[in-house]
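Structural overview
Take a look at the letters that make up each chain.
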Amino acid sequence: MYLEGAKKSTGRVRAFVFYAKRCIGVIVKRPDFLWMFRRKRVFIDLNKLTLKENGFYIKEKSNMIKKFNWDKKAVWDNSPIYKKRKKIGYCGNVVFQKKDGKISFIDLQQSKAAGIVLGKTRINEQDIKGYSLNKGAIILEDNAQLQEHKEGVAEKAGKATSVASHKVQQKSDVFHKRIKEFKDEFKEGLK
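I will try to describe carefully the structure that is included in this document. Within every chain, residues take consecutive numbers counted from 1 along the sequence as written. Where totals are concerned, whole chains, interfaces and linings use all residues; where local detail is concerned, this predicted model gives features only for residues with pLDDT of at least 70, and gives and counts side-chain atom pairs only at 80 or more. Side-chain metrics in this entry use all non-hydrogen atoms of the structure; hydrogen atoms and water are not considered.

**Here we look at unusual backbone geometry**
Worth spelling out the cut-off: Numbering of helices and strands runs from the N terminus, with a helix taken as a DSSP run of H or I at least four residues long and a strand as a DSSP run of E at least two residues long. Relative accessibility decides the category of a residue: with a 1.4 Å probe and only protein chains considered, values under 20% of the type maximum give buried, values over 50% give exposed, and everything between is partly exposed.
At A20, a residue that is not glycine, the phi angle is positive and equals roughly 50°. Here A20 shows up in the loop between β2 (12-19) and β3 (22-29). Of note in the backbone geometry, K21 takes a positive phi value of approximately 60° without being a glycine. Along the chain, K21 falls in the loop between β2 and β3. For K21, a relative accessible area of 21% puts it in the partly exposed group.

Below is the structure:
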């Protein structure tokens, strides 16, 4: 996070804040003062941010809100996801549109390790009912469709194994064919 024209960072984006299936802003952790005194985190409205190649930029320090009203707003990162009152996993990535903050989809993970090994499942915006502040969880529609999206390490390993075993089988077939030809030639030579 940078202030327009400043060379040093004014903080790091720690979380995106959501309200009614929209991203409304970010929480920024500011650097410690003299490496000893912690400074409060600030909220910055999504409309006040500009995305450039090396990070987010804000035009003025006055865009940083120190006292933020959390009423009906939530951070969705790692929130549990429920479908038909049953927990089915945790929220991974949340992808939203920059212009209005509307959510496009979220990635469902069984756990961090399972997300890496097995891959992620995508949930589209229309399948999300909302966010329950009481449970601290994302609630899906009862008929929500879960789409397998990214291949995990296990799937990649399976593909690599099948390719390798196919190549070995091809080489083995060629080897056995040459052995048979050699035996036939050897038998012909003995006659």
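Having seen the model, we can carry on.
**Let's talk about the sheet that holds strand β8 (residues 74-75)**
Inclusion rule: When DSSP locates at least two bridges between a pair of strands, those strands are taken to pair.
What the five strands build is an open sheet, ordered β7-β4-β3-β2-β8; its pairing is antiparallel. Two strands in the sheet have a free side with no partner beyond their single neighbour: β7 (64-65) and β8. With two bridges connecting them, strand β4 (residues 42-45) and β7 associate as antiparallel partners. When the bridges of β7 are listed, I44 appears paired with M64.

**A short note on the pattern of salt bridges**
To keep things clear, this is the line we draw: One side-chain nitrogen of Lys or Arg within 4 Å of one carboxyl oxygen of Asp or Glu is enough to make a salt bridge.
Under the definition given, this model contains three salt bridges. Residue D100 is joined to R22 by a salt bridge in which the shortest nitrogen-to-oxygen separation is 3.6 Å. Remark: R22 occurs in strand β3 and D100 occurs in the loop between β10 (86-96) and β11 (103-109); sequence separation between them is 78 residues. Residue classification places R22 among the partly exposed positions, given a relative accessible area of 35%. A salt bridge links K29 to D32; its shortest N-O distance comes to 3.8 Å. Judged by relative accessible area, which is 30%, D32 ranks as partly exposed.

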